[in-house]
Amino acid sequence: MKKFHDREREMSQLKELQRQAFNDYSRFAVLTGRRRVGKTSLVYKLMSETQEDAPGLYFFIGRKTETILVKTFVQEAREKLNEFIPDGMSTFRELFQMILEIGKRKRFTLFIDEFQEFDNINPGIFSDIQELWDAYKKQTNICMIVSGSIFRMMEKIFKDEEQPLFGRDDCTIKLRPFSTETIKEILADHKPDFTSEDLLALWTITGGVARYIELLMNNGCTDVKKMIHYVCSSGDSYFVDEGKKILIQEFGKQYGTYFSILDQIAHGDVTQSEIEGALGMKNLGGQMKILEEKYGIIKKKRPIGAKEGSQTVRYEIQDNFFRFWFRYIHRYSALIELQNMPALENIITNDYTTFSGIALERWFRQKLMESCRYKQIGGWWHPNGVNSKGNRDDFEIDIVAETLEGDVEAYEVKRNPQNYSPTRLDEKITEMKRRIFRGKDISKIGLSMEDM
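Since the structure is predicted, the reported quantities are computational estimates derived from the model, not experimental observations.

**Q** Run through the environment of Gln51, naming residues and quoting values.
**A** Locating Gln51 in the fold gives a position in the loop between helix 2 (39–50) and strand 2 (56–60). The exposure class of Gln51 is exposed, given its relative accessible area of 53%. Distance in space between the C-alpha atoms of Gln51 and Phe108 is 8.5 Å, their sequence separation being 57 residues.

**Q** Go over the pattern of salt bridges, please, and point to the residues and values.
**A** Applying the stated criterion to the full structure yields 38 salt bridges. Here Arg63 and Glu117 are joined by a salt bridge, their closest N and O atoms 2.7 Å apart. Of this pair, Arg63 sits in the loop between strand 2 and helix 3 (66–81) while Glu117 sits in the loop between strand 3 (108–113) and helix 5 (118–121), and the two are 54 residues apart along the sequence. Measuring nitrogen to oxygen at the nearest pair gives 2.7 Å for the salt bridge that ties Glu197 to Arg415. Residue Glu197 is located in helix 9 (residues 196–206), and its partner Arg415 is located in the loop between strand 10 (408–413) and helix 19 (422–433); the two are separated by 218 residues in the primary sequence. The network of salt bridges with shared partners includes Lys15, Lys45 and Glu49.

**Q** Break down the packing of aromatic side chains for me, with residues and values.
**A** The tally for this structure, following the rule as stated, stands at 32 aromatic pairs. An aromatic cluster is defined as three or more aromatic residues linked by ring pairs; in this entry it consists of Phe28, Phe59, Phe73, Phe92, Phe96, Phe115, Phe118, Phe126, Trp133 and Phe158. For Lys138, the ring lying beneath its charged end belongs to Tyr25, and the centroid distance is 4.9 Å. Its guanidinium or amino end placed over the ring of Trp381, Arg314 lies 4.0 Å from that ring's centre, counting from NZ or CZ.

**Q** Got a sec to walk through the pairing of strand 4 (residues 142–148)? Specific residues and values, please.
**A** The element strand 4 is largely enclosed, with a buried count of 7 among its 7 residues. Of the two faces of strand 4, the one carrying Ile142, Met144, Val146 and Gly148 and the one carrying Cys143, Ile145 and Ser147 are both buried. Where strand 1 (residues 27–32) lies against strand 4, 6 bridges are found, and the strand directions are parallel. Looking across to strand 4, one finds that Thr32 is bridged to Gly148. In this sheet, strand 4 lies alongside strand 3 in parallel orientation, the contact comprising 5 bridges. Across the sheet, residue Phe108 finds its bridge partner in strand 4, namely Ile142.

Thresholds applied
By convention here, each chain's residues receive numbers from 1 onward along its written sequence. With the structure being a predicted model, the display of local features is reserved for residues of pLDDT at least 70 and the display and counting of side-chain atom pairs for 80 or more, all residues being used for whole-chain, interface and lining totals. Excluding hydrogens and water, the side-chain figures rest on all heavy atoms present in the structure. By definition, any uninterrupted DSSP run of H or I lasting at least four residues is a helix, any uninterrupted run of E lasting at least two residues is a strand, and each is numbered from the N terminus. Exposure classes here rest on a 1.4 Å probe applied to the protein chains alone. A residue is buried below 20% of its type maximum, exposed above 50%, and partly exposed in between. Salt bridges are identified by distance alone: a Lys or Arg side-chain nitrogen within 4 Å of an Asp or Glu carboxyl oxygen. Only rings of Phe, Tyr and Trp enter the pairing, Trp through its six-membered ring, and a pair is recorded when the two centres are within 6.5 Å. The plane angle decides the type: under 30 degrees is stacked, over 60 is edge-to-face, the rest tilted. Placement of a charge over a ring requires the Lys NZ or Arg CZ to be within 6 Å of the ring centre, with the centre-to-atom vector within 35 degrees of the ring normal. Pairing between strands is defined by DSSP: at least two bridges between the two strands are required.

In structure tokens form, the structure reads like this:
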């Protein structure tokens, strides 16, 4: 049996909701998160652990006609609930009502996967669910969980006041990629003597997304060379198609402009004006805002302590995999069209040290965040500061973190510990203290791959 990693907190939330549904009256949970993060596996695990006391139904909303979907779901409901359900149903409304009737005398979990796809099949289904759920909720004992991967659609369905299902869910759980400790644990299961380089490669390429890690581990890709080779194994490799498959569904017809913006950001933290200059386009603020606020794919980086409206804003892609995909797969799509995968593999291998250096910094930020010891974590930079020799200089500190108690720590991140210069970090801290954290003692710490 496949080992199940992490997710204790989310599992305990779902179990509590299920307990309430079975002992009190029906409950409704919404599970969101990017594709491949492990939503379906989580609910399957929940249903398998409780199947002796209460069955679990799984409805996957594929892009088929409503009649064909209902026929499949009738079969699933008959088998799992061991109840008579007549043939001839053609609408989800009819089936859902019958399931709710069964819920008056039986406890069970109903899991509807890729729930947002109902919008492509028959948008009226959302109103049907709302009407029937409101009528039956207090008389039944069903734990209903719906999940969806297209963020903008799930937001619209449950957070838009004008939509029928607004406010109907009892809880929303957003499933995130694995923590740094879980990634270590998974790699150790497959390669007990793993190196920091192996760990950094796994993080750099997958960003902790469950399905990507599973693919690499199941194919014996436990070091940098094997991972890059697997990604470049063929023009139709899983990783080659993945970015486009996910993001075109999110962005729809507007994907061209969004892809161009993300391509620029994937090559380093950049400002909006730099992106507009590189693309020869003006007024991209609206698209940048949508990418940040609606999709959560990019985020603003301001120097720690900078005010909300400050102009010193850079952008970064939040998701490691998308950062990797835009930097290599999207940018070198011409090579993939020509099936010249060895050339792509060569490009990635040669650039990997530089690219993974930024991922290493993100690894340590993530670790600090997971420790729950800090009230703010960020970077700090200032162009045209003055160094110890009185010369103009650009100053940048990789990570600055303020603890809950108000202590401040400054971190310099280097792949190789020998490249860390405490003297240079001191200079940067002095410059930073002229602007923020005046009069505070600031701990200076060098971090390298040895500290992962």
